[in-house]
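Structural overview for review
Spelled out from the first residue to the last, the chains are:
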Amino acid sequence: MSLTLPAGLRRLFLAALLVALCAGPARALSVSIITRPDTDSLILQFSRPGAYPTIARTGPAEITLTFPPGILAKEDKPEAVDFKSSRLIEAMRESGDTLVVRLKTDAFGFVGWPQGEQELKLQVYRDPAGANWTPAKAQQGPDTTMPPRAAVSPPTASSLKLPVTPPNNKPGPLHLPPLPATLADNKGPGPARPGGPLPAPERAGKKRDAPKEPFYAVPYSLRATVMHVSADKSPTLRPAGMEAPTLADARAPSALPPSTPSRTPGGSGAGEYRVKLPPIPPAVAAAGKARGAVAPPGPTPPAPNKTAAAPPPDAAHGGASHGDVAKAEAPAGKAHGAAGETPPPMEEDHDANSLVAAQAEKLAGNYEAARNMLTSLKNAPGLKPELREETLHTLAGLYVDMYKDDPAAHYDEIQGALLEAMNANTNSYRVPEALLQLGMLNLRVGNLPEAKGYFNVLTRKYPTDANVPLINFYWGEYYFDRGEFKKAAKEYQQLIEKYPESKYVREGAMGLAKTLVRLGQYKEAAQIADYINKRWPRYYVEFPPILRIDGDIAYRNGDFKKAREDYLTFYNMTPKAKDTDLVLARLGDIYAKLGNRPAAVDFYNMAVKDYPNQEGGLIAKMRLAEQGVHDQPTVSEMFSLFDKPQQESPETIYEGIIRDHPNSPLAPLAQIKLAMWHLYRQNYPESLKAAARFLERYPQNELASKAEEVAVTAFERMAGDLIDHKDYPRLVTAYKDNPILAANRGLLSDKTRLGLALAYLRTGDERSALAEALPFIGPRENDNGNMALALSMNVYRKEKAWRDVVELARKVKDWKFGPTRRRELEYNVAEALENLGDSRRARELWRRLAGDELLETEKRCYAMYFMAKAAMADKNLENAELYAGEAAFMFKETGQDPDKRKASLNMLVESTRGLGQYGKALKWAGEYASLCKEGDDDWASNRLRIAAIQRAMGDVDGWRKTLTAMRDAAPDSLYGRMAASDLATNGLQQSLNALTQKP
């Protein structure tokens, strides 16, 4: 027997050296012991060289060292050695020329060798096969000098060979038997997987289906971002311009379905919309004049007072003024009762005078008085047809103006008036405008099919009417207000291409320009703006907001000098306009980008001073605190910014904007920066909450992806700390309390997802643990896959999901496993197959595992047990005895599964009994009895079996004693009566024998 333990030998050598050094020059025999968990080493040091004994096992728990004659007589007797700390050696005594070492157990092996010329080492180690030791000559009958456990034994331990398959300890794939194609139909004790199969979640980043609304830190292209309002709250679009309703007085519509705004692309150089613009008349192009000189920032000049009169733009919707439309549309003007367009009444025409008076009241805004007058006139008998027609159209126009803020609530009244006016004279020149108003009314209240119907009638019956181009314009405004910018651009483009000579081309071009800005098509928007400036070079005087749109386009295209010119011109022309605060902030941005920081600070301070609570002032505060423009913040960018000293804490500014101006377009930017600030301060829970709040409030914002990134980063850093501290419940709670993480699970790192899987496992949520771990198990092996495989196997074995164990092993069988990992997985598969009732395939694995000495004893005992069962089933009693003996010993050593230990002992009894080894069978039956409680069925049946073995051995006295004890202990029990019956039968037999043997 050889022992290859270099490291252990070195330690033993050092220990022996220390013993030798401590012994000094004494001439007496020195004895010392070194104890390890599974070995005891006895070291003998002699005073003279050459004292080599022969070493042999001379008893079940005894080793004898026989020295040459006289050697020990020359050595002084050693001092007494204390063996209390020894695990295996009980005592040592000297007897003549021998030293006898007494052991505490018979399950041992040993090896001895000389160390130098004056030292001998005897090493004793645990070996279950040692319990089967027997002397060279088998004894007949029971050996009274030995314990009952070793009465009869097979050949010596050194010659014992288990019929096992040697393991392969080289790295490689699993050594699995041919598995069935599917285990779905196999019937076994394995329960169905709770919760059903789990699909592997996506690991890639989630693609967002819902489009986003574009974000502008300073939305200068229009006064405000798109208003998400219902159709009845949309502005009233008239040829004379746009009038916006107040949101406070508007009601929700009853028929308009919600629409989803389109996602804004990040800009396109190629151009999504290629517009065929009408040619610019040469005379107009030649007459184009340059704009006036740009005034530098300084005292505000007085606003010009001789510009062309035009209604102010609709601030709520960013619509352009339609001054030209109002002046050019003569027929529409008649519909609204323009006094200059009504034929002068005759002096004696009282009805005509009443109509003129009512129209005057209408123009003055006295709608109730005008309505009473027009209603009385409409009902007057004998009214002339032409006056009746004029009255009805005026009354319809009055209702349109009166109820422009809430048309849905007065839909029937407005529609009835328009239809009545149109039916008064279906051949009237006023019919096209009535059709246009009916279509617009239905468009505003959300009755899209009706709106399309009226617009189609207008287009079909009056294709050359001047109102027809407004259909595309109104549809464009409708889609623009709802954020459907692609559809809006298409309508504006059709107006320009289909009606190039229309007086509404300018409004269509303006609508297309502002829509392309929202779509991020800045180069195409610049082409449209250039076209407008060249064809209508003085348009900015009539409609100054075009300067802001031009400035936005130039800014987005990186032409900061042109943008500065446009913004300064707009500021000098309208210093008190609603957008002044935004213009000042954007001018600060431009000077910051041009490297003129003092000028940028001046403009920011102007915005903060003059407009502290408006959007431009808030932007300026943020710029001053952050010392620059950061409208597309990233974590790294903001971290470097936060590292710099600040005059005012950015957190205060961000929270003030979020708290006091929640509806500002700046609020989303402040919210995401607040999340980054908490992340910078390592306040990960607050950062996660701030990012989740951003996505809850602004799910379609273009910064949503950055909020997801911040949330994921905060969670990963928090998860790292919690995993290091094994605070698994908090980790699971943080993940469950933030749905943003589950929605972006693919963005989490592999380490975090595996840590989350471990946290789920430690908190008892095995299903969620599997959901996180299984996606890492693929055809290729890697470290993450190995961790996920170990976790998944643990869950499946805990749940006794044996089919899943086998299927998972099949999935990874071609991975290259190390010996330790491979034997663990093969054990799992063998256990699963055994529980599924597929013992035939399991046996191939058990045979190899039984022979693997490196397999943990807690697992190897099961391999021995199942091999013993298989041998018993095949009636191979010799192998059954060997396997069952090993299994029984290992179950005893590990202290686990008492039932399997009893079953192993039972197989030992039956196999040795079947082989005729009654002494051994009696020994194992006695050990089996020690595991039973008196009165149990297995205790009584085992006692009967002991009695049967004793009788088979010829020990009649023992047999009778055993049965008598059973009979007397429980005379009324089944086994007690059986014992009494056996005794009575035997007594009767003896009486018969005595009678027949008499002479």
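Counting from 1, residues in each chain are numbered in the order their sequence is written. The predicted nature of this model means local features are confined to residues of pLDDT at least 70 and side-chain atom pairs, given and counted, to a pLDDT of 80 or more, with totals for whole chains, interfaces and linings taken over all residues. Hydrogen atoms and water are omitted, and side-chain values are computed over all heavy atoms in the structure.

Broken down by element type, the chain carries 40 helices and 10 strands. Out of the 999 residues belonging to the chain, those deemed buried represent 50%. Here a residue-residue contact requires only that any non-hydrogen atoms of the pair lie within 4.5 Å. Sequence separation of 24 or more characterises 65% of the internal contacts of the chain that already satisfy a separation of 6 or more. Carbon together with sulfur atoms contributes 53% to the accessible area of the chain, which is approximately 47,000 Å² in total. Starting at the N terminus, helices and strands are each numbered in turn, a helix being any DSSP run of H or I of at least four residues and a strand any DSSP run of E of at least two. The rule is simple: take the accessible area with a 1.4 Å probe, protein chains only, and divide by the maximum for that residue type; under 20% is buried, over 50% is exposed, in between is partly exposed. Computed with the Shrake-Rupley method and a 1.4 Å probe, the accessible areas treat only the protein chains shown as cover for residues.

A few words now on the confidence of the model for the chain. Low-pLDDT stretches of the model should not have their predicted coordinates read in fine detail. Predicted confidence across the chain gives a mean pLDDT of 75, with 72% of residues reaching 70 or more. Within the chain, no element has a lower average pLDDT than helix α3 (residues 323-328), which sits at 36, and none a higher one than helix α34 (residues 857-873), at 93. pLDDT is a per-residue confidence score from the predictor, ranging from 0 to 100. Across residues 283-341 the pLDDT falls below 50, and counting only partners more than four positions away or on other chains, this stretch makes 112 contacts in the model.

Another point: helix α11 (residues 468-481). Taking 1.5 Å of rise per residue, the 14 residues of α11 would be expected to cover 20 Å, and the 21 Å separating its terminal C-alpha atoms lies within 8% of that figure. With respect to burial, α11 is a largely interior element, 14 of its 14 residues being buried. Count one or two residues on from α11 and you reach G483, which has phi positive near 80°. Helices are assigned an expected span. That span is 1.5 Å times one less than the residue count.

Our focus in this paragraph is the sheet that holds strand β5 (residues 89-95). Any two strands are treated as partners once DSSP identifies two or more bridges connecting them. On the basis of which strands lie adjacent, the open sheet formed by 4 strands has the order β3-β4-β6-β5 and antiparallel pairing. Edge positions in the sheet fall to β3 (54-59) and β5, since each of these pairs with one other strand and no more. Strand-to-strand twist across the sheet, computed as the mean angle between neighbouring axes with direction ignored, equals 20°. Pairing between β5 and strand β6 (residues 98-103): 6 bridges, direction antiparallel. In the sheet register, A91 faces β6, and the bridge partner there is R102. Inter-axis angles, ranging from 0 to 180 degrees, are taken between N-to-C directions of lines fitted to C-alpha atoms, where helices are fitted over the stretch in contact.

On to the pattern of salt bridges, then. Between Lys or Arg on one side and Asp or Glu on the other, a salt bridge is scored when a side-chain nitrogen of the former is within 4 Å of a carboxyl oxygen of the latter. What the rule picks out here adds up to 35 salt bridges. In this structure, D566 engages K562 in a salt bridge whose closest nitrogen and oxygen atoms are separated by 2.9 Å. Residue D566 and its partner K562 are both found in helix α17 (residues 560-573); the two are separated by 4 residues, about one turn of the helix. Owing to a relative accessible area of 1%, D566 belongs among the buried residues under this scheme. Between E927 and R901 there is a salt bridge whose closest N-O contact spans 3.3 Å. Note that E927 is positioned in helix α37 (residues 918-930) and R901 in helix α36 (residues 898-914), a separation of 26 residues in sequence. Per residue, the accessibility class of E927 equals that of R901, and both read buried.

Below, the discussion takes up the nonpolar core. Residues belong to a common nonpolar core when they are buried Ala, Val, Leu, Ile, Met, Phe, Trp, Tyr or Cys residues joined through side-chain atoms within 4.5 Å. In terms of nonpolar packing, the biggest core is built from 120 residues, with I672, F694, V710, F715, I777, L789 and W846 touching the most fellow members. If you tally residues by element for this core, the top one is helix α25 (residues 704-724), at 10 residues. Not counting residues within four places of it along the chain, the set of residues in contact with W846 comprises Y827, A830, E831, E834, Y862, A863, F866 and M867. If you look at the next biggest cluster of nonpolar residues, it comprises 95 residues, including A358, A451, V468 and I590.

Working definition: rings of Phe, Tyr and Trp (its six-membered ring) pair if their centres are within 6.5 Å, and the pair is stacked with planes under 30 degrees apart, edge-to-face with planes over 60 apart, and tilted otherwise. Enumeration according to the criterion identifies 26 aromatic pairs in this entry. Note on F642 and Y680: the rings are 5.5 Å apart at their centroids and 55° apart in plane angle, and the pair reads as tilted. On the criterion of sequence distance, the pair formed by F642 in helix α21 (residues 635-642) and Y680 in helix α23 (residues 667-680) is long-range, its members being 38 residues apart. Assessed through its relative accessible area of 4%, F642 is described here as buried.

Further remarks concern the packing of helix α26 (residues 728-736) against helix α28 (residues 750-762). Direction vectors running N to C along α26 and α28 enclose 115°, while the axes themselves pass 9 Å from each other. Considered as vectors, α26 and α28 are oriented roughly perpendicular to each other. The handedness of the crossing between α26 and α28 comes out as left-handed. Within the contact between the two elements, α26 uses Y728, L731, V732, Y735 and K736 and α28 uses G755, L756, L758, A759, Y760 and R762. Of the residues belonging to the contact of α26 with α28, the class tally is 8 nonpolar, 1 polar and 2 charged. Angles below 35 degrees are treated as roughly parallel, those above 145 as roughly antiparallel, those between 65 and 115 as roughly perpendicular, and all remaining angles as oblique. By convention, the crossing between two helices is left-handed when the near helix turns anticlockwise from the far helix through less than a right angle, and right-handed when the turn is clockwise. Ten residues, namely Ala, Val, Leu, Ile, Met, Phe, Trp, Tyr, Cys and Pro, are considered nonpolar, four, namely Asp, Glu, Lys and Arg, are considered charged, and the remaining ones, Gly among them, are considered polar.

Here 4 strands make up an open sheet; going across it, the order is β1-β2-β8-β7 and the pairing antiparallel. Two strands bound the open sheet, and with one partner strand each, they are β1 (30-35) and β7 (108-114). Neighbouring strand axes in the sheet, compared pairwise and without regard to direction, differ in orientation by 15° on average.

Turning to the packing of helix α19 (residues 597-610) against helix α20 (residues 615-626), a few remarks are in order. It is at 8 Å that the axes of α19 and α20 come closest, and there the two elements cross at 135°. Put simply, α19 runs oblique to α20. Remark: the crossing between α19 and α20 carries left-handed chirality. Along the contact surface, α19 presents V601, Y604, N605, A607 and V608, while α20 presents G616, G617, A620, K621, R623 and L624. Looking at the contact of α19 with α20, its residues break down into 6 nonpolar, 3 polar and 2 charged.

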